[in-house]
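Structure at a glance
Residue-level listing of the chains:
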Amino acid sequence: MDIASLVAKRSTCRRRQVGAIVVRDKRILATGYNGAPTGLPHCLDIGCLREQLGIGSGERHELCRGLHAEQNVIIQAAYHGVCIKDATLYCTNLPCSICTKMLINAAICEIIYKEDYADPMAEEMLKAADIRLTQINKA
């Protein structure tokens, strides 16, 4: 989890820094953090549309320029041709429902996270998909 927290420091999001790593057989397969797509201006530089519109956390994900850390970790694995099937995701936050759907289809078998995220649908889907879910100490 310390490595996921370190990866989160690369985040260019003004509201929340999230980091994710995918691990199998004690090897890091890919990392991801939340921020704008490659080559586009960062929210740190141009501002946050969600802040400007007063949109709360966990709402209206489509109105964010950034990708979530979990999305980026899947994309990085695919970009580099790394299979993440049956791997474990370590993430600084519980994934949202959008990321949860992607993680289910990527065949992630376990998610270990540090902080909750206000998205009950995500937890319901993870349980239905029989993905092991473990929250570690916040400290």
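Residues numbered from 1 in each chain as written. Predicted model: local features only at pLDDT ≥ 70, side-chain atom pairs only at ≥ 80, totals over all residues. Heavy atoms only, no water.

As for the pairing of strand S5 (residues 132–135)
It is a general feature of regular strands that their side chains alternate between the two faces of the sheet. Applied cut-off: For two strands to be treated as a pair, DSSP must find at least two bridges joining them. Under the scheme used here, helices are H or I runs from DSSP no shorter than 4 residues and strands are E runs no shorter than 2 residues, and both carry numbers assigned from the N terminus. Seen with its strands pointing away from the viewer, a crossover is right-handed when the path leading from the first strand over the helix to the second is clockwise.
Here strand S4 (residues 110–115) pairs with S5 via 4 bridges, running parallel. Note on S5: the bridge partner recorded for Ile112 is Thr134. Taking the sense of rotation as the criterion, the β-α-β connection linking S4, helix H6 (residues 120–128) and S5 turns out right-handed.

Examining the confidence of the model for the chain
As a note on interpretation, predicted positions should not be read in detail where pLDDT is low. Formally: pLDDT is a residue-level measure of predictor confidence that goes from 0 to 100.
Confidence along the chain averages 92 in pLDDT terms, with 99% of residues attaining 70 or more. Considering each helix and strand of the chain separately, the mean pLDDT is smallest for helix H3 (residues 49–53), with a value of 83, and largest for strand S1 (residues 19–24), with 98.

So, the environment of Ser57
Just so we agree on the cut-off: Think of it in three bands: residues with accessible area under 20% of the maximum for their type are buried, residues over 50% are exposed, and the middle band is partly exposed, with areas taken using a 1.4 Å probe on protein chains only. Every residue pair with non-hydrogen atoms within 4.5 Å of one another is taken to be in contact.
Here Ser57 shows up in the loop between H3 and helix H4 (69–79). Taking relative accessible area as the criterion, Ser57 reaches 43% and is therefore assigned partly exposed. Discounting residues that sit within four places of it in the chain, Ser57 has contacts with Arg15, Arg16, Arg50 and Tyr117.

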